[in-house]
Each structure stands twice: as C-alpha cells, then as structure tokens.
Amino acid sequence: RAGHQTRQRELDLFDLLAFVWTQKHLAIVVALIAFFPLAFLVWTTLSPTYEAQSRLLVILDENDLAPGAAGSGGAFTLDQVMESEADILNADEVRRRAIESRRGFASSAQVRALRQGFSITRNPNASVLVAHYEDPNADIAANTLNAIIDAYLEYRVELLVGAPGEGVEERLDAAELEAARA
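Keep in mind that this is a model prediction, so the values were computed, not measured.

Draft legend 1. The arrangement of the pattern of salt bridges in detail. Counting across every chain of the model gives nine salt bridges. Between Glu85 and Arg156 there is a salt bridge, with the nearest N and O atoms lying 2.7 Å from each other. Of the two residues, Glu85 sits in helix 4 (residues 78–89) while Arg156 sits in helix 7 (residues 138–160), which places them 71 residues apart along the sequence. Residue Glu85 is classed as buried on the basis of its relative accessible area, which comes to 2%. A salt bridge links Glu93 to Arg97; the shortest N-O distance between them is 2.8 Å. Of this pair, Glu93 and Arg97 both sit in helix 5 (residues 92–103), four residues apart, which is roughly one turn of the helix. Among the charged side chains, a network of salt bridges with common partners joins Glu93, Arg96, Arg97, Glu100 and Glu158.

Draft legend 2. Spotlight on helix 6 (residues 108–117). All buried positions along helix 6 are accounted for by Val111, Leu114 and Gly117. Taken down its axis, helix 6 places every buried residue within 125° of arc, on the same side. Opposite its buried face, helix 6 presents the exposed residues Ser108 and Gln116, each directed more than 90 degrees away. Buried residues along helix 6 sit against helix 5, strand 2 (118–121), strand 3 (128–135) and helix 7.

Draft legend 3. Representation of the packing of helix 5 against helix 6. Direction vectors running N to C along helix 5 and helix 6 enclose 110°, while the axes themselves pass 9 Å from each other. Taken together, the axes of helix 5 and helix 6 are roughly perpendicular relative to one another. Taken together, the residues of helix 6 that come into contact with helix 5 (itself represented by Asp92, Arg95, Arg96, Ile99 and Arg103) are Gln110, Val111, Leu114 and Arg115. Here the residues of the contact of helix 5 with helix 6 sort into three nonpolar, one polar and five charged.

Conventions adopted
- Residues numbered from 1 in each chain as written.
- Predicted model: local features only at pLDDT ≥ 70, side-chain atom pairs only at ≥ 80, totals over all residues.
- Heavy atoms only, no water.
- Salt bridge = Lys/Arg side-chain N within 4 Å of Asp/Glu carboxyl O.
- Helix = DSSP H or I, 4+ residues; strand = E, 2+ residues; numbered from the N terminus.
- Buried < 20%, exposed > 50% of the residue type's maximum accessible area, 1.4 Å probe, protein only.
- Arc of directions from axis to C-beta.
- Contact = heavy atoms within 4.5 Å.
- Axes fitted to C-alpha atoms, helices over the stretch in contact; angles between N-to-C directions.
- Parallel < 35°, antiparallel > 145°, perpendicular 65-115°, else oblique.
- Nonpolar A, V, L, I, M, F, W, Y, C, P; charged D, E, K, R; others polar.

Right, here's the structure in full:
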C-alpha cells in the first residue's frame, strides 16, 4: 500500500446534524440538566420590584428667607438649600411620622425597614428632588412614598417656620391664595 493515499474527509453541516441526531438522547439530557436549574434559579431570585417616584420642586423666594437663611444670618446657595431639603426628606423623623400616619405606632425596626427601599436623587444645579421608593407591591410603594412626602412637608414646615399655631396656617392660606391667582 505504498502508493495508496489516505485522504481525511472534512465534516460538513449534514455530518454534524447526523451526529447530533444519533446522540439526541444525550443532548436532551444535557440540555435539561443545564436549563432547568438555571431557569429555576432565575425564577426564584428575580422577583418584580415596583418603584414609585415623586418630584419635589424647591423654590427659593427672595421675600421669604426662612428656607434659605434659617439660622444662618444670610442666604444659602442653591446647592446648600437642596442638600438641606434632601437631608430633611431623608430624616428618620420623617419616616417615623410616615409610619405613624398609616399605622399609629412606629418601631425602630419599621423605620429601618422603610430606609431600605427609599432613596433621593437630584441632578446638579437643579432645584428638583426626586424621591424613590421600591417595594414588591406597586400599591404599597405608591402609598408609602405618598406618606413619606406628606410627613416631609409637615416636618419641613415645623423645622423652618415653626410649630403649628405660630402663623403657619396664615402663610399657607396666603400661599394657596397666591397659587389660585396664578
């Protein structure tokens, strides 16, 4: 056989399909072993999360220096005011009030739990705070964020203007009248 040349045959697509068809049971078992555990892992770890958002516009008023100059003797810059507003919105007192408005009593564990899903963002040089709250239930996310925003607005007025009964109602009525005129 000295003159006989052995030529190796190249595999083409038909040969590959024929090979897979002959090993179809092994291919199905391997696919099931790989697919089902991965699918189950993804299904159990990926639970839907709903995010509620609220945008709060903070306006600096030259005639009302309370938010911009509370206790400072002068006006703050926009960034300082926005940082202060974000700190007030992110305060545990606001969370406690939000929980109490919905349930009547707020434990420290509930306040910590509320802290987990809540965040605040702000674009640079913008006077808008964006509050976010995430929860697996869309209604709970929306209602909780609304309670936080309501508690923030009440707490903010107490901090910057004074306790209820110290002219707050008159200023609120004046602001509502001005808004109605606008």
